[in-house]
Amino acid sequence: KSFFLLFYRYLATGQSFTGIAENFRIGLKSVSRIIEEVCDVLWNVLQPYVMPEPTENDWKKIAKDFDDLWQFKNCLGALDGKHVYIKSPSKSGSSFFNYKKRFSVVLMCLADARRKIIMVDVGSMGRFSDAGIFDDSIFGKRLKERSLNLPQPVPLYQDGEPLPFVFIGDEAFPLMENFMRPYPRDGLNSEKRVFNYRLSRARRIVEATFGVLARKWYVYHKDFECKIETVDKIIKATCVLHNYLIDRQPDYLNSNENNKEQILISMDNRIETHYRNKGYQVREMYCSYFNNQGKVPWQDTRISSRISINNYKKN
């Protein structure tokens, strides 16, 4: 029990290992060992239950939630990367130095419509781009290999042409048959602006997921000082705890309670070109749908207000 209290104290406060050691009156190496062991236990025990690989029926339930909550049909998840800041690792050079001029590892997360984490990729060096991490991740490779148990394409509206189920992300990710990204910002017409708005509206759920992690676990508010392997384990542990608490505490996502001591315990170029071309076709059909059969009453007003704000800023 005291091991878990120590671990929760660390997650909830972000206190240094030295401070934790002084509070619990144990050695610094013991703190490091306990935190690593608890992380391993949490991941090994909880991951199969709270973050299992989705079945085809699971994907369909996720898609229904995205339609009900964010009016984006056939959507299976929102993907993005979060830089987790660390102290400069010894003898690592600029490997972990990111575009924000800080050292980091990347947490790449696929989130559902209710801010629950579907899959994670943890530990990539901060200097790598989201696209590069996606290509090298198990999720990215399996998406290209079509081995994720995705449902068969279905129409977005009655008598419409069947369209594939898709994941969504920002401009950093590749456009594929099963992965939608926004249109480039140059030369946007009103219909493409609507598509970008509708995609962005649904995609923000993954940013909200990162926000919950940072709000609940203060360890994310400071630069990690432990070795990289331990950082990776801590991140994975917070991700499974996040899902566990969503399932067992109805007010977890909206609560401001921070005291966690109270918690119970890549393919060749021809294939990539094929995916990219199919992605263009699928995006055009989504764009048409969002501007016709799938139109929501407020989208034109939102687009107009954004254009007005941008024009004001330019002037």
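Preceding block: the structure.
The structure displayed is predicted, hence computed values, not measured ones.

**What to know about the overall build of the protein chain**
Part 1 of the reasoning: The secondary structure content of the protein chain amounts to 10 helices and seven strands.
Part 2 of the reasoning: For the protein chain, the exposed surface amounts to about 16,200 Å²; the carbon and sulfur share of it is 48%.

**A few points about the pairing of strand β2 (residues 104-111)**
Part 1 of the reasoning: Counting buried positions along β2 yields eight of eight residues, so the element is predominantly enclosed.
Part 2 of the reasoning: Judged from the eight bridges that link them, strand β1 (residues 75-85) and β2 form a sheet pairing that is antiparallel. When the sheet's bridge partners are listed, Val84 is paired in β2 with Val105.
Part 3 of the reasoning: As judged from the seven bridges shared by β2 and strand β3 (residues 117-125), these two strands associate in the antiparallel manner. Following the sheet pairing, Val105 is matched in β3 by Met125.

**Describing helix α6 (residues 138-145)**
Part 1 of the reasoning: Restricting attention to buried positions, one finds in α6 the residues Phe139, Gly140, Leu143 and Lys144. The arc that holds the buried residues of α6, viewed along the axis, is 130 degrees, so those residues lie on one side.
Part 2 of the reasoning: Arg146, located one to two residues past α6, shows a positive phi value of around 60 degrees.

**Describing the side chain of Thr238**
Part 1 of the reasoning: Tracing the backbone through its elements, the reader meets Thr238 in helix α8 (residues 228-248).
Part 2 of the reasoning: Those residues within four positions of Thr238 in sequence are excluded, and the remaining contacts are Leu11, Leu213, Trp217 and Tyr220.

**A short note on the pattern of salt bridges**
Part 1 of the reasoning: Applying the stated criterion to the full structure yields 17 salt bridges.
Part 2 of the reasoning: A salt bridge links Asp247 to Lys116; the shortest N-O distance between them is 2.8 Å. With Asp247 in helix α8 and Lys116 in the loop between β2 and β3, this residue pair connects regions lying 131 residues apart in the sequence.
Part 3 of the reasoning: Salt-bridge contacts for Asp300 lead to Lys295; the nearest nitrogen and oxygen are separated by 2.9 Å.

**Quick notes on unusual backbone geometry**
Part 1 of the reasoning: Of note, Gln71 is a non-glycine position whose phi angle comes to about 55 degrees, a positive value.
Part 2 of the reasoning: Positionally, Gln71 belongs in the loop between α4 (56-70) and β1.
Part 3 of the reasoning: Phi at Asn74 takes a positive value of approximately 60 degrees, unusual for a residue other than glycine.
Part 4 of the reasoning: Mapped onto the elements, Asn74 comes out in the loop between α4 and β1.

**Topic: the packing of α4 against helix α7 (residues 190-216)**
Part 1 of the reasoning: Two elements in contact, α4 and α7, have axes whose closest approach is 11 Å; the angle formed by their N-to-C orientations is 115 degrees. Considering their axes alone, α4 and α7 lie roughly perpendicular with respect to each other. In the crossing of α4 with α7, the sense of the turn from one axis to the other is right-handed. When α4 is examined against α7, the residues Phe66, Leu69 and Trp70 are found in contact with a partner set consisting of Arg201, Ala202 and Ile205.
Part 2 of the reasoning: When grouped by side-chain class, the residues that make up the contact of α4 with α7 number five nonpolar, no polar and one charged.

**A word on the packing of aromatic side chains**
Part 1 of the reasoning: Per the counting criterion, the structure on display carries 17 aromatic pairs.
Part 2 of the reasoning: The interplanar angle of 40 degrees and the centroid separation of 5.9 Å between the aromatic rings of Phe195 and Phe290 together place this pair among those described as tilted. In terms of burial, Phe195 and Phe290 fall into one category: buried.
Part 3 of the reasoning: Grouping aromatic residues by their ring pairs yields a cluster made of Phe72, Tyr157, Tyr183, Phe195, Tyr286, Tyr289 and Phe290.

Rules behind the numbers
- Residues numbered from 1 in each chain as written.
- Predicted model: local features only at pLDDT ≥ 70, side-chain atom pairs only at ≥ 80, totals over all residues.
- Heavy atoms only, no water.
- Helix = DSSP H or I, 4+ residues; strand = E, 2+ residues; numbered from the N terminus.
- Areas by Shrake-Rupley, 256 points an atom, 1.4 Å probe, with all protein chains shown as cover.
- Buried < 20%, exposed > 50% of the residue type's maximum accessible area, 1.4 Å probe, protein only.
- Pairing = 2+ DSSP bridges.
- Arc of directions from axis to C-beta.
- Contact = heavy atoms within 4.5 Å.
- Salt bridge = Lys/Arg side-chain N within 4 Å of Asp/Glu carboxyl O.
- Axes fitted to C-alpha atoms, helices over the stretch in contact; angles between N-to-C directions.
- Parallel < 35°, antiparallel > 145°, perpendicular 65-115°, else oblique.
- Left-handed = near helix turned anticlockwise from the far one by under 90°.
- Nonpolar A, V, L, I, M, F, W, Y, C, P; charged D, E, K, R; others polar.
- Phe/Tyr/Trp six-rings, centres within 6.5 Å; stacked < 30°, edge-to-face > 60°.

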